[in-house]
Amino acid sequence: KAHEQIPIESIEAPKNLPAHGVWVYIEQLQGEVAPVSWELMGVGRQLADKLNCPLSGVLLGHDIQPLTELAFQYGADTLYAIDDPMLEPYTNECHSIALVQLCQAHHPEILLIGATTTGRDLSGSVATALRTGLTADCTQLDVDVDNRKLLQTRPAFGGNILATILCRDRWPQMATVRPRVFPEPEKQPHRRGALVWSDLGLDPSRTVMEVVDRILDERTEGYLDEADIIIAGGRGIGSKENFRYVEELAQAIGGMIGASRPAVESGWAPYSHQVGQTGFTVRPKLYIAAGISGAIQHLVGMQNSDVIVAINKDPDAPIFRVATYGIVGDAATILPALTLELGAR
Ligand code: FAD
């Protein structure tokens, strides 16, 4: 609910100050951290080591003290934290102001944010306020060490190419990264770092946003990007009637169903199960792709799965190039056979 204009423009952008360090925004809601934050800590550590600079976390919220140790255990050298009732629950206004203030005080060279609903909302406002660029939905990150540039790779032109984008002469270099693109690093239980508390210093009467209600998504089956086993069906499944073979195998081996875009558009599976560029990015232990050709827009969402089993009647289907195991044949015959065999174990 907005009452008046947001005062974020009043914050000055950093000018000609040396930037230093890799930062990760640690997204949390009521004490629960979004797993992508730890995944970013893992890749952030690699980038920081190459650039020979520290890795820092940014934690914003209220009553967040219990989470501070976790940030160090996942690799932060320094944690910048602000604890304020105005930061819980998340609002774009308060979190943007807090993050911008911290960036201006400490000048990070690189700022990484998870491409969650919250991260997508926050990153645009922060990049605008800091007068810097933002590369959304990166699937690969690296650094050009000599020029200290973040190499931000993401699908472009409808996913037909992977473009590597550089941010010239602006700081911080900002990127959002989808969940499950990078693995979560090992937690180091005894690791410690420097904890820097700051004040938000925002007058509640001057804020313009107010959360009037929170409605929880009542999913009983969990989220696709957190599933360990996914059985995905594509156009080759043929019909909604046949899609039950996908559902039955998922049920038999404790997996979730996934779908290509045509399968979703045909109404065989809901959008919340779409894998790919315009759906979820997943990284399960096992991904079974049945009747899916392996278009780049689908591959970018699942190619980092640990084991990929492809079932396709066309032996030349591109999906076989990323598959660990391939079965050439009719999905309507093979899926029920797998259900029978694996369900009995
Ligand atoms: P097809 O490409 O038609 O492949 C069907 C496959 O099934 C074929 O390989 C065929 O050999 C096989 N087959 C047929 N019959 C059988 C059978 N009886 N048994 C076994 N195999 C059989 N796609 C996504 O999936 N996710 C996205 O998020 C996504 N985003 C997109 C975003 C943009 C901007 C664009 C332009 C496209 C996007 N697409 C996305 C669409 C993508 O380009 C492909 O069209 C889509 O992935 C193809 O889906 P499919 O493999 O199910 O169908």
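This text goes with the structure placed above it.
First, a word on what this report is: a plain description of the structure on this page. (Residues numbered from 1 in each chain as written. Predicted model: local features only at pLDDT ≥ 70, side-chain atom pairs only at ≥ 80, totals over all residues. Heavy atoms only, no water.)

1. Considerations on the packing of aromatic side chains
Aromatic rings considered in pairs are described by the distance between their centres and by the relative angle of their planes. Threshold: Working definition: a ring pair exists when centres of Phe, Tyr or Trp rings (six-membered ring for Trp) sit within 6.5 Å. Plane angles under 30 degrees give stacked, over 60 give edge-to-face, the rest tilted. Helix and strand definitions follow DSSP, with helices as H or I runs of at least four residues and strands as E runs of at least two, each counted in order from the N terminus.
This model, assessed by the stated rule, comprises three aromatic pairs. Centroid distance Trp-38 to Tyr-74: 4.4 Å. Interplanar angle 10°. Geometry classified as stacked. Note that Trp-38 is positioned in helix 1 (residues 35-51) and Tyr-74 in the loop between helix 2 (65-73) and strand 5 (78-83), a separation of 36 residues in sequence.

2. Focus on the nonpolar core
We count it as follows: Residue types Ala, Val, Leu, Ile, Met, Phe, Trp, Tyr and Cys, when buried and joined through side-chain atoms within 4.5 Å, form a set referred to as a nonpolar core. Here's how the labels work: a residue is buried when its accessible area is under 20% of the maximum for its type, exposed when over 50%, partly exposed in between, all with a 1.4 Å probe on protein chains only. It only takes one pair of heavy atoms within 4.5 Å for two residues to be counted as in contact.
By size, the foremost hydrophobic cluster in this structure holds 34 residues, and its most contacted members are Val-22, Ile-26, Met-41, Leu-112, Leu-141 and Leu-150. By residue number, the principal contributor to this core is helix 1, which donates eight residues. Residues in contact with Met-41, not counting those within four places in the same chain, are Val-24, Ile-26, Leu-55, Ser-56, Gly-57, Ala-71, Tyr-74, Ala-76 and Pro-185. Membership of the second largest hydrophobic core comes to 26 residues, among which are Met-86, Cys-94, Leu-99 and Val-126.

3. Section: unusual backbone geometry
Following Glu-88, the chain continues to Pro-89 via a peptide bond in cis, the omega torsion being -5°. Along the chain, Pro-89 falls in the loop between strand 5 and helix 3 (92-106). Not every positive phi belongs to a glycine, and Gln-30 is a case in point at roughly 50°. The topology assignment puts Gln-30 in the loop between strand 2 (28-29) and strand 3 (32-33). Positioned with a positive phi, Asp-63 is a non-glycine residue whose angle comes to about 60°.

4. A word on the environment of Arg-120
Which entries qualify depends on this criterion: Polar contact is defined as a pair of N or O atoms within 3.5 Å, subject to the rule that within protein one atom must be able to donate a hydrogen and the other to accept it, and that residues adjacent in sequence are counted only when both atoms are side-chain atoms.
Locating Arg-120 in the fold gives a position in helix 4 (residues 117-129). If we ignore the near neighbours within four places in the chain, the residues touching Arg-120 are Gly-114, Ala-115, Asp-137 and Arg-178. A polar contact is formed between the side chain of Arg-120 and the side chain of Asp-137, at a distance of 2.8 Å.

5. Some points on the site of the ligand
Cut-off, in case you're wondering: If even one non-hydrogen atom of a residue comes within 4 Å of a molecule or strand, that residue is called near it. Per-residue and other accessible areas follow the Shrake-Rupley method at a 1.4 Å probe size, with only the shown protein chains counted as cover for residues. Each residue gets one label: Ala, Val, Leu, Ile, Met, Phe, Trp, Tyr, Cys and Pro are nonpolar, Asp, Glu, Lys and Arg are charged, and the others, such as Gly, are polar.
What surrounds the ligand is a group of 24 residues, the closest being Arg-235, Ser-260, Thr-278, Ser-293 and Asn-312. Between the ligand and Arg-235, the relevant distance is 2.8 Å, taken from an oxygen atom to a side-chain nitrogen or oxygen of the residue. Arg-261 is positioned with one of its backbone polar atoms (N or O) 2.9 Å from an oxygen atom of the ligand. Burial of the ligand by the protein chains amounts to 77% of its free accessible area of 980 Å². Tallied by class, residues from the shell around the ligand come to five nonpolar, 14 polar and five charged.

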